[in-house]
Amino acid sequence: MSKREQHSIHVGVSACLLGRKVRFDARHEKHPFISDVMARHVKLVPVCPEVELGMSVPREKVKLEGAVDAPRMIGMETGCDWTRRMVNYARERVRRRDLAGVCGCILKTKSPSCGIVHVKLYDASGRVKRAATGLFAAALMNHNPLLPVEDEHVLDDVTTRDNFIVRLFAYRRLRGFLAGRCTRSRLSVFHAAHTSLLLSHSPKYCRMLDELAGSSGAVSARKLCDRYAVLFMEALRFKSTAAKNAGVLRRFLRLLRGHLSAPEERDIVWAIDAYRTGDAPLLMPLTLIKHSVDKYEIARAAEQVYLNPHPAELMLRFHA
Ligand code: SF4
């Protein structure tokens with residue numbers, strides 16, 4: 001593995017979304033943002049559970065039927081029951097090295113294998129409700145409940161896409177943190193670096209995480225870190241808004257006061273207001289603040305992940 005690959009972020013993707021003709025009808029569902037943009041900045045790990053299981057292309061369409069919590073996968077023409085084979089394969093597949101190393105997954109919506117929510121579920125009389133999770137998606141999410149997993153529609157809206165990209169990179173940092181020794185002091189450093197990011201998503205969760213990271217009770221450090229990890233990923237599911245981001249940017253401005261020249265301060269204030277009213281992208285005040293933080297060596301601000309995203313995160317979030 002090259003050095004570049006070691007440092008790149010890996011994202012699992014339903015193979016049909018990458019343009020591979022693996023669907024039951026031998027077609028693909030190529031998604032332009034994934035194959036044209038994401039592919040340039042992250043390493044995509046394709047997976048097609050149905051084809052990998054040995055189903056042919058083209059093949060009989062399958063459906064889910066039965067109970068929401070234990071649906072069966074059945075061939076729509078022959079009634080062939082694929083449930084046991086798919087469940088066993090999916091459990092083993094999600095543990096394999098290529099998928100075990102991903103920082104998130106984008107799966108095909110509505111698929112009886114890959115769909116994460118609202119997959120059609122048939123009852124005994126043939127009635128349909130959108131209630132199930134595809135068998136592969138369920139295995140993936142059960143195996144790793146913290147992993148950011150979404151369907152491709154999340155990429156079609158700028159806000160939900162931004163939120164997913166932030167979570168991909170946050171999960172990567174969290175996993176790196178959890179792979180080391182879990183001590184209260186390491187947790188405190190990790191949390192301190194993420195305060196601004198957390199505030200830009202959920203001030204309420206940020207306060208809860210403040211308390212957790214600072215607690216000195218009888219709970220072991222390992223348990224504390226595990227609890228922190230769950231709340232941390234939950235916090236980032238809240239959408240970041242212009243108002244929340246403007247609040248975070250003003251906190252940086254307060255740290256910079258006393259160092260900035262009058263024109264520098266005026267430019268930053270103007271950029272924050274322009275961003276808050278939708279007249280400028282977030283990148284504008286962010287860049288001005290980052291420049292001043294570096295120039296005046298404001299250590300408390302410089303440690304914030306919010307100001308120092310991974311280069312690939314920057315490229316994906318602010319992709320034109
Ligand atoms: S939705 Fe999943 S199982 Fe179906 S073709 Fe795409 S990758 Fe394969």
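Residues numbered from 1 in each chain as written. Predicted model: local features only at pLDDT ≥ 70, side-chain atom pairs only at ≥ 80, totals over all residues.

### A short note on the sheet that holds strand β6 (residues 119-122)
Part 1 of the reasoning: Strand order in this open sheet of four strands is β4-β3-β6-β7, and the pairing throughout is mixed. Sheet topology places β4 (70-75) and β7 (128-132) at the edges, where each strand pairs with a single neighbour. With strand direction ignored, the average angle separating the axes of adjacent strands in the sheet is 50 degrees.
Part 2 of the reasoning: Looking at chain direction, β6 and β7 are connected through four bridges and run antiparallel. Looking across to β7, one finds that Y122 is bridged to V128. (Pairing = 2+ DSSP bridges. Helix = DSSP H or I, 4+ residues; strand = E, 2+ residues; numbered from the N terminus. Axes fitted to C-alpha atoms, helices over the stretch in contact; angles between N-to-C directions.)

### Some remarks on the site of the ligand
Part 1 of the reasoning: Taken together, 13 residues surround the ligand, and among them C16, C48, K108, S111 and C114 come closest.
Part 2 of the reasoning: Top element by residues in the shell around the ligand is helix α3 (residues 49-53). It accounts for three residues.
Part 3 of the reasoning: Residues of the shell around the ligand, tallied by class, amount to seven nonpolar, three polar and three charged. (Near = placed C-beta within 6 Å. Nonpolar A, V, L, I, M, F, W, Y, C, P; charged D, E, K, R; others polar.)

### Some words on the packing of helix α8 (residues 184-201) against helix α9 (residues 203-214)
Part 1 of the reasoning: Between α8 and α9, the shortest axis-to-axis distance is 10 Å and the interhelical angle comes to 170 degrees. The orientation of α8 relative to α9 falls into the category roughly antiparallel. Where α8 abuts α9, its residues L187, S188, H191, T195, L198 and L199 lie against P203, Y205, C206, L209 and A213.
Part 2 of the reasoning: Among the residues making up the contact of α8 with α9, the classes are represented as eight nonpolar, three polar and no charged. (Parallel < 35°, antiparallel > 145°, perpendicular 65-115°, else oblique. Contact = placed C-beta atoms within 7 Å.)

### Topic: the environment of K120
Part 1 of the reasoning: Residue placement: K120 occurs in strand β6.
Part 2 of the reasoning: C-alpha separation for the pair K120 and C80, spaced 40 residues apart in sequence, amounts to 18 Å.
Part 3 of the reasoning: Filtering out sequence-adjacent residues up to four positions away, K120 remains in contact with K63, L64, V128 and R130.

### Points about unusual backbone geometry
Part 1 of the reasoning: The amide bond that connects V57 to the next residue, P58, takes the cis arrangement and shows omega of -5 degrees.
Part 2 of the reasoning: Relative to the helices and strands, P58 resides in the loop between α3 and β3 (62-67).
Part 3 of the reasoning: Although it is not a glycine, K110 adopts a positive phi angle of roughly 70 degrees.
Part 4 of the reasoning: Relative to the helices and strands, K110 resides in the loop between β5 (105-107) and β6.
Part 5 of the reasoning: Residue classification places K110 among the partly exposed positions, given that 15 C-beta atoms sit within 10 Å.
Part 6 of the reasoning: One non-glycine residue with positive phi stands out, namely E297, at about 50 degrees.
Part 7 of the reasoning: Counting through the fold element by element, E297 comes out in the loop between α13 (283-295) and α14 (299-302). (Buried ≥ 20, exposed ≤ 12 C-beta atoms within 10 Å, placed from the backbone.)

### Considering the domain arrangement of the protein
Accessible area lost when the parts come together is the quantity often used to give the size of an interface.
Part 1 of the reasoning: Domain assignment breaks the protein into domain 1 (3-155), domain 2 (160-235) and domain 3 (242-317).
Part 2 of the reasoning: Look at where the C-alpha atoms of domain 1 and domain 2 centre, and you get two points 29 Å apart.
Part 3 of the reasoning: The partner domain 2 presents 11 residues to the 10 residues of domain 1 that form the contact.
Part 4 of the reasoning: Of the residues contributing to the side of domain 1 that touches domain 2, the split by class is eight nonpolar, one polar and one charged. (Domains from an automatic or database assignment.)

### A look at the sheet that holds β5
Part 1 of the reasoning: Reading across from one edge, β2-β1-β5-β8 is the order of the four strands in this open sheet, with parallel pairing throughout. Looking at strand neighbours, the two that pair on one side only are β2 (43-47) and β8 (149-151), the edges of this open sheet. Between one strand axis and the next, the sheet turns by 25 degrees as a mean value, whatever way the strands run.
Part 2 of the reasoning: Bridging between strand β1 (residues 10-14) and β5 involves two bridges; their strand directions are parallel. If you follow G12 over to β5, its bridge partner there is C105.

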